[in-house]
Amino acid sequence: MSDLLNVSSSPHVRSKDTTAGIMRDVCIALIPAAAFGVYNFGLRALITILVCVASCVLTEYLYEKGMKKKITIGDYSAVVTGMILAMNLPASVPVWLPIIGGVFAILIVKQLFGGLGQNFMNPALAGRCFLMISFAGRMTNFAVQKGSALMNGAMGIDGFSGATPLALVENTEAGKAAVTVAESGVDILQMFIGTTAGTIGETSVIALLIGAVYMLYKKVISPVIPCVYIVTTLVFVALFGGHIATGDLLPFLAAQLCGGGLVFGAFFMATDYVTSPITPKGQIVFGICLGLFTGIFRSFGPSAEGVSYAIILCNLLVPLIEKVTMPVPFGREGEKNGK
Amino acid sequence: MNNCTERLYNGIIKENPTFVLMLGMCPTLATTTSAINGLSMGLTTTVVLAASNALISCLRNIIPNKVRIPGYIVVIASLVTIVQLLLKAYLPAVDSALGLYIPLIVVNCIILGRAESYASKNGVLPSLFDGIGMGLGFTFGLTCIGIVREILGSGSIFNFRFWPQNFDTIAIFVMAPGAFFVLACLTALQNKFKMPSATNVTGPQMACGGNCASCQGSSCAANKGLFEAERAAAKAEKARKAKEAAAAKKAAAQAAAAKAVTEKKED
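Residue positions are given per chain, counted from 1 along the sequence in the order it is written. Each chain is given a letter, starting from A, and each ligand a number, starting from 1, according to the order in which they appear as written. Whole-chain, interface and lining totals are the exception, using all residues; otherwise, since this is a predicted model, local features are given only for residues with pLDDT of at least 70 and side-chain atom pairs are given and counted only at 80 or more. Values shown for side chains rest on all heavy atoms present in the structure; no hydrogens or waters enter the calculation.

Regarding the interface of chain A and chain B
Turning to step 1, where the next piece is worked out: Residues count as neighbours in contact if any of their non-hydrogen atoms are within 4.5 Å of one another. Listed by partner, the interface residues are 10 residues for chain A and 10 residues for chain B.
Turning to step 2, where the next piece is worked out: Summed over both partners, the accessible area (1.4 Å probe) lost when two parts come together is defined as the buried area. A combined buried area of about 880 Å² lies between chain A and chain B, and 73% of that area is made up of carbon and sulfur atoms.
Turning to step 3, where the next piece is worked out: Salt bridge, as used here, is a side-chain nitrogen of Lys or Arg placed within 4 Å of a carboxyl oxygen of Asp or Glu. Along the contact surface separating chain A from chain B lie 1 salt bridge.
Turning to step 4, where the next piece is worked out: Across the pair A:R138 and B:D168 runs a salt bridge whose closest N-O atoms are separated by 2.5 Å.
Turning to step 5, where the next piece is worked out: Polar contacts, as used here, are pairs of N or O atoms within 3.5 Å; protein pairs need one atom able to donate a hydrogen and one able to accept it. Residues neighboring in sequence count only if both atoms are side-chain atoms. Viewed at the interface, chain B and chain A are joined by 2 residue pairs in polar contact (both at pLDDT 80 or more).
Turning to step 6, where the next piece is worked out: Here a strand is any run of E in DSSP of at least two residues, a helix any run of H or I of at least four, and the numbering for each starts at the N terminus. Mapped by element, the contributors of at least two residues to the side of chain A that touches chain B are helix 4 (96-111) and helix 5 (123-134) of chain A.
Turning to step 7, where the next piece is worked out: Partitioned by chemical class, the residues of the side of chain A that touches chain B number 6 nonpolar, 2 polar and 2 charged. Throughout this entry, Asp, Glu, Lys and Arg are counted as charged residues, while Ala, Val, Leu, Ile, Met, Phe, Trp, Tyr, Cys and Pro are counted as nonpolar. The remaining residues, Gly among them, count as polar.

As for the packing of aromatic side chains
Turning to step 1, where the next piece is worked out: Classification of ring pairs uses Phe, Tyr and Trp, with its six-membered ring standing for Trp, and accepts pairs whose centres are within 6.5 Å; under 30 degrees between planes counts as stacked, over 60 as edge-to-face, and the remaining range as tilted. All chains considered together, the criterion is met by 13 aromatic pairs over all chains.
Turning to step 2, where the next piece is worked out: Here A:F236 and A:F240 contribute two aromatic rings whose centre-to-centre distance is 4.7 Å and whose plane-to-plane angle is 40°, an arrangement assigned as tilted. Pair noted here: A:F236 and A:F240 are both in helix 12 (residues 224-240), with a separation of 4 residues, about one helical turn.
Turning to step 3, where the next piece is worked out: A 1.4 Å probe rolled over the protein chains alone gives each residue an accessible area, and that area as a share of the maximum for its type sets the label: buried under 20%, exposed over 50%, partly exposed in between. Judged by its relative accessible area of 46%, A:F240 is partly exposed.
Turning to step 4, where the next piece is worked out: Within the aromatic cluster, the residues linked to one another by ring pairs are A:F104, A:F130, B:F173 and B:F181.

Considering the environment of B:L29
Residues and elements named next belong to chain B.
Turning to step 1, where the next piece is worked out: Relative to the assigned elements, L29 resides in helix 2 (residues 25-30).
Turning to step 2, where the next piece is worked out: In this structure L29 comes out as buried when scored by relative accessible area, which is 17%.
Turning to step 3, where the next piece is worked out: In sequence terms L29 and L183 are 154 residues apart; their C-alpha atoms lie 8.0 Å from each other.

Quick notes on helix 16 (residues 307-324) of chain A
Turn by turn, an α-helix covers 3.6 residues, leaving residues three or four places apart pointing in a common direction.
All names here are of chain A.
Turning to step 1, where the next piece is worked out: Expected span of a helix: the number of residues minus one, times 1.5 Å. In a regular helix each residue adds 1.5 Å, so 18 residues correspond to 26 Å; helix 16 covers 24 Å between its end C-alpha atoms and thus fits that length.
Turning to step 2, where the next piece is worked out: We define the bend at each residue as the angle formed by axes fitted to the 7 residues ending at it and the 7 residues starting at it. Taken as a whole, helix 16 carries its principal kink of about 45° at L317; the proline P319 stands between one and four residues after it.
Turning to step 3, where the next piece is worked out: What helix 16 keeps buried is the set V307, S308, A310, I311, I312, C314, N315, V318, I321 and E322.
Turning to step 4, where the next piece is worked out: As for helix 16, its buried residues are in contact with helix 5, helix 12, helix 14 (262-269) and helix 15 (280-300).

Some remarks on the nonpolar core
Turning to step 1, where the next piece is worked out: Counting residues in each nonpolar core, the largest one holds 84 residues, and the members touching the most others are A:L30, A:Y229, A:F264, A:F268, A:F286, A:L290 and A:I311.
Turning to step 2, where the next piece is worked out: Per element, the largest residue contribution to this core is 11 residues, and it comes from helix 1 (residues 19-41) of chain A.
Turning to step 3, where the next piece is worked out: Not counting chain neighbours up to four residues away, the residues in contact with A:L30 comprise A:M83, A:I84, A:M87, A:F264 and A:F268.
Turning to step 4, where the next piece is worked out: We call a set of buried residues a nonpolar core when its members are Ala, Val, Leu, Ile, Met, Phe, Trp, Tyr or Cys and they connect through side-chain atoms within 4.5 Å of each other. Grouped together as the second largest cluster of nonpolar side chains are 24 residues, B:I76, B:V94, B:A115 and B:M134 included.

Describing the packing of helix 6 (residues 109-119) of chain B against helix 7 (residues 124-154) of chain B
Residue and element names in this part refer to chain B.
Turning to step 1, where the next piece is worked out: Angular values range over 0 to 180 degrees, each being the angle between N-to-C directions of two axes fitted as lines to C-alpha atoms, with helices fitted over their stretch in contact. The interhelical angle for the contact between helix 6 and helix 7, taken along N-to-C directions, is 150°, at an axis separation of 11 Å. By the angle between their directions, the pair helix 6 and helix 7 is classed as roughly antiparallel. Once helix 6 is placed against helix 7, the crossing between them reads as right-handed. Along the contact surface, helix 6 presents I110, R114, Y118 and A119, while helix 7 presents P126, S127, D130, M134 and F138.
Turning to step 2, where the next piece is worked out: A breakdown of the residues in the contact of helix 6 with helix 7 according to their chemical character gives 6 nonpolar, 1 polar and 2 charged. Orientation categories follow fixed angle ranges, with anything under 35 degrees roughly parallel, anything over 145 roughly antiparallel, 65 to 115 roughly perpendicular, and all other angles oblique. Whether a crossing is left-handed or right-handed is set by the direction in which the near helix is turned from the far one by less than a right angle, anticlockwise for left-handed and clockwise for right-handed.

Section: the state of the cysteines
Residue and element names in this part refer to chain A.
Turning to step 1, where the next piece is worked out: By disulfide we mean two sulfur atoms from cysteines, separated by a distance within 2.5 Å. Under the counting rule described, the total for this entry stands at 0 disulfides over all chains.
Turning to step 2, where the next piece is worked out: With no disulfide of its own, C314 lies closest to C289 among cysteine sulfurs, the gap being 5.1 Å.
Turning to step 3, where the next piece is worked out: When its relative accessible area of 0% is taken as the criterion, C314 is described as buried.

Some points on the pattern of salt bridges
Residues and elements named next belong to chain B.
Turning to step 1, where the next piece is worked out: Taken as a whole and assessed by the stated rule, the structure comprises 10 salt bridges over all chains.
Turning to step 2, where the next piece is worked out: E6 is the salt-bridge partner of R7, the closest N and O atoms lying 3.4 Å from each other.
Turning to step 3, where the next piece is worked out: A relative accessible area of 11% places R7 in the buried class.
Turning to step 4, where the next piece is worked out: Overall, the relative accessible area of 33% leaves E6 in the partly exposed class.
Turning to step 5, where the next piece is worked out: The shortest N-O distance in the salt bridge between E237 and R240 comes to 3.2 Å. Taken together, the positions of E237 and R240, both in helix 9 (residues 220-266) and 3 residues apart, correspond to about one turn of that helix.
Turning to step 6, where the next piece is worked out: Residue E237 is classed as partly exposed on the basis of its relative accessible area, which comes to 35%.
Turning to step 7, where the next piece is worked out: Given a relative accessible area of 41%, R240 falls into the partly exposed group.
Turning to step 8, where the next piece is worked out: Connected through salt bridges with shared partners, the residues E6, R7, E15, R114 and D130 form a single ionic network.

Shown next as C-alpha cells:
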C-alpha cells in the first residue's frame, strides 16, 4: 500500500548525488594540478598540501567534537578546502603558515557561520586572503631554493626564482608605455604547461583543464560561470590593459589567461556551490561581476593578481544577485514581480 | 550610596558598553591597535563621560525638552575640547597616538546615550557614578581588545615585546579586520560563559538548543510544548498574584469595615 500510494511533501524525485560524492569528484579533479605542483616545486609542495588538508580536517573534527555536533569530516568538504588552500600558497611557505590558514578557513569562515552550506564566502580563499594580508612577504615569495627540493635533481628541473610571469607582463613603470610580452621575456607555452613561478596549483593550465573537463563530464560544475568569467576578464584587460597600442594584443591575452590564478579560480573556486548563485541568470551576472573585478584589480591595482579578492568580493554579492534574478514562477509571468 | 555602587556594577559588568550594549564601535575598532592605546582612549572617554553626565544632570531642569539634543552636544563638545587641550599640553604622546579620535569623542554614542537615557532623568550623584561606571566598562572593553590585538599582531603586551624580534606576527590583527575578529570572539566568550549581563537572561530552554544550522524541523513540536508550559506557568503565577491581591484587598476592606464598626461602637 505504502509503495503504491506514498503521500509525502515535495521533493518527490531525488538525485542520487551526495555531498561526499561531489566533493570526492572535486578532489579527483584537483589531483592533476596538485601532482604537477609537486613535480614543479618539489617535495615542499607535497608537504604544504598534506599539512593544509590535515589541519582543515582536524580543525573541523575538533570543533564539531567540542561543540557536540555531527562529525562531518566524512563528506570530504574539509579535504577540498584544504587542497584548494594549498594550491593557493607558494611552495616556499614555512610549515606553520598553512596550519594557521587551515584553522582560519575552517573555524572562522566555515564552522562559526554554521558549517557546510552556511559559509558566506569561500573558506579556502578567505584563508588565503587572511594569510596574504598577515604575511605579505612570505605569501609573495615565489622563490624555491634549488637545494631544498629533493626531487628537483632527479626530475631534471632547476629551481625557479623571482616574479611570476603575470607580474612580469604587468610590470608597467609610471610614465612608460606597457611592456610588450616579448620584452618581458615570458614564454606563453611554458605558462600553459606550468613550469613557471607561482603558487602550487595555479601554474599549470593544462593540468587544471584536465581537472575541469573531468568535473564538467561528471556534471559537478556547469560551464556557465567559468566561461562568462574568463571571457569578461579577457575583454576587460583587452580594452583597458593598454596593449592595443603596443600591437601585441593576442600574446598579452594569452599571458593573462594562462598567468595567475584565473583558470584555477574560474573552474575550482568561483563554482563553489555554497557561494555562487543558484539562479541561471544570476550565474551569468556573477560571472560578469567576477570578470569586471578581476580586470579592474589586474589592470589598475597595485598587485598583478586579482582573482582571489574578486571572488570573495563577489561571494558577498551573491545574495543580492539572487534576489534580483529570482525567476518568476510558472503561471505568474504577467503579475508584478511574479507575486 | 548603594545606588552609586549599583551604577558602577551596571556600567562595568551588566551593561558593559562594548560587549553588551555594543555602543561606541568606531573608537572600539579604530583605536585598539595596542593595549596602551585602548586604555588611554577608554580613560579619556571616561573623563568626558563622567563630567558630561554630572553637568547634564545639573542642567536637566533648565534645558528645554525640545532642544535637549543640541544642548547635550554643546556640553559634550565643550568638555571634549577641554580634554583635548589638556592632553595636548600634558600628554602629547597620547594625543598623537589617538589623533582624530579624540575630537570624535563628541559623537560617541555612549556619551549621548547616557545623557539621554540616564543623566537627564536622575540626580547629579547617581549620574556621575553612572558616567564613571560606563566609562570604566568602556575602558575595560577597549583594553581587553587592545591586549589581544597587540599580542597577536605585534607580539607584545603594553609595548613589552615577548616574541623574538625576527619571528612573524599576524599583521592582520593590527589592521581593521583584526579588530572585528577580536571583538566578535570576546563577545562570543562573554555570551558563552554567561557573564551576568543584560542580554544573558534566563528563558525556556529550547529543545533544539536554538541551533538553527542543524534544524531538522522536527524539534518544533517539543519547543511548542516547552513554550506553552512556560506561558501556562506565567499565567498561573499572574492568576495567583491577582488572587492574592484580591484577598489582600478583601482583608483590608474587612478590616476597614471592622474598624468602622468599632469606631461606631465607640461613638
